[in-house]
Amino acid sequence: MESALASPTSAPAPAPADGGVRAYDVAGYHVKVTYDPGSSQLEGDTEVAAEATADLARFDMDLALTARSVEIDGKPAKSFAKSGDGSVTVIPEEKIEKGRTFQVRVRYDGNPGHDNPSWAKSEDGSVITVLAPVGTWFPGNDNQDDTADFQLSATVPHGWTAVSSGQEEPVRRDGAWSTFHWSSTDPLPANRALLGVGKWDVERTKLSDGTPLTTVYSAGRKGEFKKYADQQQKMMDFLTQKFGDYPYGTLVSFFLDLASDDVPNLASQGAVIFPNAEDERFFDSTVVAHELAHQWYGMLVEEAHQRDMCLSECFASYAQWMWPEFSGQQDLDAKYRQEIEQYKSDDEFWKQKLSDGAGVYTKGPIMLHALRRQIGEAAFGEVLKQWPARYSGKAPVWAEMEKLVQEVSGQDLQGFFDAWIRSDRIPEDAYLWPGTLKPGATALSRS
Ligand SMILES: [Zn+2]
C-alpha cells in the first residue's frame, strides 16, 4: 500500500475509514492534460467545480497520479496527501460549509498506464482508457450518481490525435504540439469520460437523426475496418426503432488494432470501443450492434448490482440476434432451435443462473427469444422501448424487469422467469417451446 506525502509542507491526513469523504456534488470538470506517448507521461491541470453536501473539514478526490499542488478557490489548500486507495485527501484552510460551491484546482503528473490494465496501449504508443477507474487520468468523484459536465483540453505531439467523449471543437496547433478540445453534450459520471491518444484516421459524419458521429480508425486500417463502421448508421436506425430515440448528443466509435486479447470491446456513454477490430475470429458486425445497444441497455439504464447484469448484457446480446434478423439474414426461430439442440444435454450450460449474472451472453439471448415468443411481438416490442424510457438515469434491479414484462403482457410469468432466470436446469417444455416455437407450430404456420 502506497502512502506518499505529496507536498513537503503538508502533514498526512488520517486515512479515511469510510472509503473517504465525498460529501460534495461535482457540477463540472475542466480537465487539461498534456500527454507524451514517447515517455507515457501525463501532466494534468484540472479544475473541479463542486457543491458541498455537508460541512467539509476535509474531502477526498479519486486520483491515482501524483498531485503536485491543490488550490481551493484560488488559494493553496492547508494540506493534501495521497491515500493508499488511489485518492488524494485535501484539507482546506477553512471548513467548506454545506451548500457552498467551491472550485478545486489540482496539478498532477505521472504515468497513467503504470500498473493499470484499464489504460490500454498499443505498440506504437497509442492509448485508450477502457473502463478506467475514476482518478486514472484526472481527479474525480467515484460516486456513480455524481454526473457532471466535462470539458477536456488534451495536448499531444503533432501527428497524434486526442479523442474524448462529446463534441469536438477546433484543434489548436502550437509548434510541435496540438491541443484537442472536447466537451460533453450530456452530464456524465467521471468514469465514463474517456481519453484516447493515437496515430489515427478520424472520420466525421452524422447519424440520420443529425447526431454527430466520429469514427476513429487505427492508422492504415481504415480501408479494412470501414465495412463495419459504415453499418453503424443503419444499426442506429434499427436500434432507435427498437429501443427509442438515441439518448445522447454525440457518438464516438473506435475501430482499433491494439492487438491485445485482454482488452474487451466496450461501450461508454456516447462511445463504443473495438480494440481488436483486426481479429475476425471475434469481430463481426453483430459485435458492433451489441456495443451500440449498450447506449440504452447499460448506459442510459445501468443495473444496480453486478448480479443483475442480464439487464444490460442479455439485451445487448439479443441485439446481436436481432440485427441479422432485421437485415434479413437470419430466421431467429431456426437459430433458437439450433442453440437448444446444441446445449440441451449440457448440464453446465443450464447450471448458469441468469439471476447470478452467469450465462448472460449465451443463455441470456436464448431466454429473451423464448420470452418474445411467450408474450408475442407487440408486447415484446413494447418492453424493449418501455424499459429505457421508464428507467432512464435510474439503477434498477432485475425484479423491475419482470414487473414491467408482466404489466405490458398482462401474463403471469412467474413460472417462465423461475425456469429461465433462477433455475439451474433446462426449462420444462412449456417454457422451452412457447408460442410458435412449439414443435410443429412453425410448420403449420408455413403451410
Ligand atoms: Zn456487453
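Residues numbered from 1 in each chain as written. Predicted model: local features only at pLDDT ≥ 70, side-chain atom pairs only at ≥ 80, totals over all residues. Heavy atoms only, no water.

## Digging into the overall build of the protein
Helix and strand counts for the protein come out as 12 helices and 21 strands. In terms of overall dimensions, the protein is globule-like: its C-alpha atoms have a radius of gyration of 24 Å, near the 22 Å expected for 447 residues. Principal axes of the C-alpha set define a box for the protein whose edges measure 85 × 50 × 40 Å. In the protein, which comprises 447 residues, the share counted as buried stands at 54%. Pairs at least 24 apart in sequence give 68% of the contacts found in the protein among residues at least 6 apart. When the accessible area of the protein is evaluated, it comes to approximately 19600 Å², of which 47% is carbon and sulfur surface. (Helix = DSSP H or I, 4+ residues; strand = E, 2+ residues; numbered from the N terminus. Rg over C-alpha atoms; globule rule 2.2 N^0.38 Å. Buried < 20%, exposed > 50% of the residue type's maximum accessible area, 1.4 Å probe, protein only. Contact = heavy atoms within 4.5 Å. Areas by Shrake-Rupley, 256 points an atom, 1.4 Å probe, with all protein chains shown as cover.)

## A word on the packing of helix H2 (residues 232–243) against helix H8 (residues 377–391)
Where H2 meets H8, the closest approach of the two axes is 7 Å, and the angle between their N-to-C directions is 90°. Taken together, H2 and H8 sit at an angle that is classed as roughly perpendicular. Along its contact with H2, which presents Thr240, Gln241, Lys242 and Phe243, the element H8 presents Gly381, Leu384, Lys385 and Pro388. Of the residues contributing to the contact of H2 with H8, the split by class is three nonpolar, three polar and two charged. (Axes fitted to C-alpha atoms, helices over the stretch in contact; angles between N-to-C directions. Parallel < 35°, antiparallel > 145°, perpendicular 65-115°, else oblique. Nonpolar A, V, L, I, M, F, W, Y, C, P; charged D, E, K, R; others polar.)

## Description of the confidence of the model for the protein
Predicted coordinates in regions of low pLDDT should not be interpreted in detail. The share of residues in the protein with pLDDT of 70 or more is 94%, and the mean pLDDT across the chain is 91. Considering only residues more than four positions removed or in separate chains, one finds that residues 443–447, a stretch of pLDDT under 50, has one contact. (pLDDT = per-residue confidence, 0-100.)

## Here's the deal with the nonpolar core
Of all hydrophobic cores here, the largest spans 73 residues; its most connected members are Phe255, Tyr336 and Trp420. Broken down by element, this core gets its largest block of residues, 10 residues, from helix H4 (residues 310–326). Beyond its immediate stretch of four places on either side in the chain, Tyr336 contacts Trp321, Ile366, His369, Ala370, Trp420, Leu432, Trp433 and Leu437. By size, the runner-up hydrophobic cluster in this structure holds 63 residues, among which are Phe102, Val106, Val127 and Ile128. (Core = buried A, V, L, I, M, F, W, Y, C linked by side-chain atoms within 4.5 Å.)

## A look at the coordination of the zinc ion
In this structure, His290 (NE2), His294 (NE2), Glu313 (OE) and Glu313 (OE) serve as the protein donors to the zinc ion, at separations of 2.0 to 2.8 Å. Coordination at the zinc ion is irregular: its four donor atoms span angles of 51 to 148° at the metal. On the primary sequence, the residues serving as donors to the zinc ion are separated as H-x3-H-x18-E. Placement of His290 in helix H3 (residues 285–293) and of Glu313 in helix H4 is noted, with a sequence separation of 23 residues between them. Each member of the pair, His290 as well as Glu313, is classed as buried. (Donors = N, O, S within 2.8 Å, 3.2 Å for Na, K, Ca; no water. Tetrahedral: all angles 85-135°; square planar, octahedral: opposite > 155°, others 65-115°.)

## Let's talk about helix H10 (residues 414–422)
Taken as a whole, H10 has its buried residues at Phe416, Phe417, Ala419, Trp420 and Ile421. Down the axis of H10, the sector holding all buried residues measures 165°, keeping them to one side. Structurally, H10 contributes buried residues whose contacts are with helix H5 (332–343), helix H6 (347–351), helix H7 (363–375), helix H9 (398–409) and helix H11 (429–432). (Arc of directions from axis to C-beta.)

## Brief notes about the state of the cysteines
Using the criterion set out here, one finds one disulfide in the structure. Two residues, Cys310 and Cys314, share a disulfide whose sulfurs are 2.0 Å apart. Judged by the sign of its S-S torsion, about -115°, the bond between Cys310 and Cys314 is left-handed. One end of the pair, Cys310, and the other, Cys314, are both in helix H4, four residues apart, so they sit about a helical turn from each other. (Disulfide = S-S within 2.5 Å.)

## Some details on the sheet that holds strand E19 (residues 251–255)
Strand order in the open sheet formed by five strands is E17-E18-E19-E21-E20, and the pairing between neighbours is mixed. Two strands close off the open sheet at either side, each with one partner strand: strand E17 (200–206) and strand E20 (266–268). The mean inter-strand angle of the sheet, taken between neighbouring strand axes irrespective of direction, is 15°. Here strand E18 (residues 212–218) pairs with E19 via five bridges, running parallel. (Pairing = 2+ DSSP bridges.)

## Some remarks on the pattern of salt bridges
Close approach of charged atoms lets side chains of opposite charge pair. Applying the stated criterion to the full structure yields 30 salt bridges. In this structure, Asp45 and Arg107 form a salt bridge, with 3.9 Å as the shortest nitrogen-oxygen distance. Placement of Asp45 in strand E2 (residues 41–52) and of Arg107 in strand E8 (residues 101–110) is noted, with a sequence separation of 62 residues between them. Look at Asp45 and you get buried, because its relative accessible area is 16%. One salt-bridge network, held together by shared partners, links Glu325, Asp333, Arg372, Arg373 and Glu377. (Salt bridge = Lys/Arg side-chain N within 4 Å of Asp/Glu carboxyl O.)

## A word on the pairing of strand E4 (residues 66–72)
Of all seven residues making up E4, five are buried, and the element is well covered by its neighbours. Direction of pairing for E4 relative to E8: antiparallel, over a ladder of six bridges. Its bridge partner being in E8, Ile72 is matched across the sheet by Val104. In this sheet, strand E5 (residues 75–76) lies alongside E4 in antiparallel orientation, the contact comprising two bridges. What sits directly across from Ile72, in E5, is Lys75. Counting the residues between successive antiparallel strands, the hairpin from E4 to E5 contains two residues, one of them, Asp73, with a positive phi of roughly 50°.

## Section: the sheet that holds strand E10 (residues 127–129)
The four strands lie next to each other as E9-E10-E16-E12, forming an open sheet whose pairing is antiparallel. At either end of the open sheet lies a strand with only one pairing partner, and these are strand E9 (119–121) and strand E12 (161–164). When the angles between neighbouring strand axes are averaged without regard to direction, this sheet yields 15°. As paired elements, E9 and E10 share three bridges and run antiparallel to each other. When the sheet's bridge partners are listed, Lys121 is paired in E10 with Val127.

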